[in-house]
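Here is how the chains run, residue by residue.
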Amino acid sequence: MAPDTARLEFGVTNRAETAAGAVQQNAALMQAVLAAVRKAVGADTQIATGNYSLRAEYAPQPRDGSPPRVIGYVASNVVHLETRELKRLGELIDIAAEAGANHVQRIAFTLC
């Protein structure tokens, strides 16, 4: 039997000088992505948060033994989209990317 459901994982990763800035920018970008995707998908589509992270980025370790210096923060938000509209997966990826998503992590097909 052919699969009838697809699960797509995509998200937004961004960098900023402060943790708060990274979080705020990520939230705004992800809201735009979700609004565009929700507008395009049908009622059979489920969207849920899959993973969220915030981490510090450090400058290369100084040779003089001083502690590493934080140079910024990276926020990443990944959502799971589950749909039965298999023929539209490419279109949905395009819509998410055009709205600001900058990575697709996984596409899986299942039979429900």
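Structure report, in brief. Note that the structure is predicted; figures quoted are calculated from it, not measured.

What follows deals with the overall build of the protein. In terms of helices and strands, the protein carries two helices and four strands. Over its C-alpha atoms the protein spans a radius of gyration of 17 Å, topping by over 25% the 13 Å that the globule rule assigns to 112 residues. The principal-axis extents of the C-alpha atoms in the protein amount to approximately 65 × 30 × 20 Å. Taking all contacts inside the protein whose residues are at least 6 apart in sequence as the whole, residues at least 24 apart take part in 74%. Accessible surface, the protein: about 6,900 Å² in total, of which carbon and sulfur atoms supply 52%.

Below, the discussion takes up the sheet that holds strand E2 (residues 46–58). Backbone hydrogen bonds are what pair the strands of a sheet, in a parallel or an antiparallel way. The strand order E2-E3-E1-E4 describes an open sheet built from four strands, whose pairing is antiparallel. In the strand order of this sheet, the two ends are held by E2 and strand E4 (103–110), each with one partner. With direction set aside, neighbouring strand axes in the sheet form an average angle of 15°. Where strand E1 (residues 5–16) and E4 come together, seven bridges link them in antiparallel fashion. Bridged to Ala6 within E4 is Phe109. Strand contacts of helix H1 (residues 19–40): E1, E2 and strand E3 (70–83), with the helix running at about 150° to E1, the strand carrying the most contacts.

Time to look at the pattern of salt bridges. Evaluated as defined, the whole model comprises five salt bridges. Between Glu85 and Arg88 there is a salt bridge, with the nearest N and O atoms lying 2.8 Å from each other. What emerges from the salt-bridge pattern is a single network uniting Glu85, Arg88 and Glu91.

Tracing the backbone through its elements, the reader meets His80 in strand E3. A polar contact of 3.1 Å, which involves the side chain of His80, links it to the side chain of Glu9. If near-sequence neighbours (up to four positions away) are discounted, His80 is found in contact with Arg7, Leu8, Glu9, Gln46, Ile47, Ala48, Thr49 and Gly50.

About the thresholds
- Residues numbered from 1 in each chain as written.
- Predicted model: local features only at pLDDT ≥ 70, side-chain atom pairs only at ≥ 80, totals over all residues.
- Heavy atoms only, no water.
- Helix = DSSP H or I, 4+ residues; strand = E, 2+ residues; numbered from the N terminus.
- Rg over C-alpha atoms; globule rule 2.2 N^0.38 Å.
- Contact = heavy atoms within 4.5 Å.
- Areas by Shrake-Rupley, 256 points an atom, 1.4 Å probe, with all protein chains shown as cover.
- Pairing = 2+ DSSP bridges.
- Axes fitted to C-alpha atoms, helices over the stretch in contact; angles between N-to-C directions.
- Salt bridge = Lys/Arg side-chain N within 4 Å of Asp/Glu carboxyl O.
- Polar contact = N/O pair within 3.5 Å; in protein donor to acceptor, adjacent residues only side chain to side chain.

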